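# Fold and contact review
Residue-level listing of the chains:
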Amino acid sequence: HVVGFPTGGRTVCVTEGVVSRIDSVLLEAPADTILAIQIDAAINPGNSGGPAFNSRGQVTGVAFCKDARKQSDNIGYVIPAAVVRAFLG
């Protein structure tokens, strides 16, 4: 589940999806890559930065982008909670 306020709405939205894989995602320069969880839950402008939860209600990460290429459908990425905790120190 990904929670946020996607563009076009005025209330909280919850989308549900399945984890497809855990992999490194190539970022735009000057960044390099980041470990990410690939999901098929909708991640749109407005709900990036929102929490992602597992079926037990535990925060598993932070939604941060979707794959917007024309040949891709329903591919979103979550930064794992462990990566966020390491960053925040």
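Presented here is an overview of the structure given in this document. (Residues numbered from 1 in each chain as written. Predicted model: local features only at pLDDT ≥ 70, side-chain atom pairs only at ≥ 80, totals over all residues. Heavy atoms only, no water.)

## Observations regarding the overall build of the protein chain
What counts is decided by this rule: Secondary structure elements are taken from DSSP: a helix is a run of H or I of four residues or more, a strand is a run of E of two residues or more, and numbering for both begins at the N terminus. The globule rule used here is 2.2 Å times the number of residues to the 0.38 power, and the radius of gyration it is set against is calculated over C-alpha atoms. Burial classes: relative accessible area under 20% of the type maximum marks a residue as buried, over 50% as exposed, and values in between as partly exposed (1.4 Å probe, protein chains only).
Scanning the protein chain from N- to C-terminus turns up one helix and seven strands. Ordering the α and β elements of the protein chain from the N terminus gives β-β-β-β-β-β-β-α. Relative to the 2.2 N^0.38 estimate, which gives 12 Å for 89 residues, the radius of gyration of the protein chain is 13 Å and therefore close to what a compact globule would have. Put simply, the protein chain has 89 residues, and 29% of those count as buried.

## Observations regarding the nonpolar core
The condition is simple: Side-chain atoms within 4.5 Å are what join buried Ala, Val, Leu, Ile, Met, Phe, Trp, Tyr and Cys residues into a set we call a nonpolar core. What makes two residues a contact is simply this: any of their non-hydrogen atoms within 4.5 Å.
Of all hydrophobic cores here, the largest spans eight residues; its members are Val2, Ile37, Ile39, Ala41, Ile43, Ala52, Ala63 and Val78. Dropping the residues within four chain positions of it, Ala52 is found in contact with His1, Val2, Gln58, Val59, Thr60, Gly61 and Val78. Core analysis: the next-biggest nonpolar cluster, separate from the first, contains six residues, Val25, Ala36, Ile75 and Ile79 among them.

## Here we look at the pattern of salt bridges
The following threshold applies: A pairing counts as a salt bridge when a side-chain nitrogen of Lys or Arg comes within 4 Å of a carboxyl oxygen of Asp or Glu.
According to the stated counting rule, one finds one salt bridge in the structure shown. With a shortest N-O distance of 3.7 Å, Arg21 and Asp23 are connected by a salt bridge. Owing to a relative accessible area of 44%, Arg21 belongs among the partly exposed residues under this scheme. The exposure class assigned to Asp23 is partly exposed, which follows from its relative accessible area of 37%.

## Quick word on the packing of aromatic side chains
The line we're drawing: In this analysis, rings of Phe, Tyr and Trp, with Trp reduced to its six-membered ring, are considered paired at centre separations within 6.5 Å, and the interplanar angle assigns stacked below 30 degrees, edge-to-face beyond 60, and tilted for intermediate values.
One pass over the full model with this rule turns up one aromatic pair. With a centroid separation of 6.5 Å and an interplanar angle of 50°, the aromatic rings of Phe64 and Tyr77 are classed as tilted. With a gap of 13 residues between them, Phe64 in strand E6 (residues 59-66) and Tyr77 in strand E7 (residues 76-80) connect regions that are remote in the sequence. Judged by relative accessible area, Phe64 falls into the partly exposed class, the value being 22%.

## So, the pairing of strand E3 (residues 19-26)
Using the following cut-off: Pairing between two strands requires that DSSP report at least two bridges joining them.
Alignment of E3 against strand E4 (residues 33-39), held across seven bridges, turns out to be antiparallel. Paired with Asp23 across the strands is Ala36, a residue of E4. Connecting E3 to the antiparallel partner E4 that follows it, the hairpin turn spans six residues.

## So, the pairing of E6
With three bridges joining them, strand E5 (residues 51-53) and E6 adopt antiparallel strand pairing. Each bridged residue has a counterpart across the sheet, and for Pro51 the counterpart in E6 is Val62. A loop of five residues connects E5 with E6, the two strands running antiparallel in sequence, and Gly57 in this loop sits at a positive phi of about 85°. Strand direction decides the pairing type here: E6 and E7, joined by five bridges, are antiparallel. Bridged to Cys65 within E7 is Tyr77.

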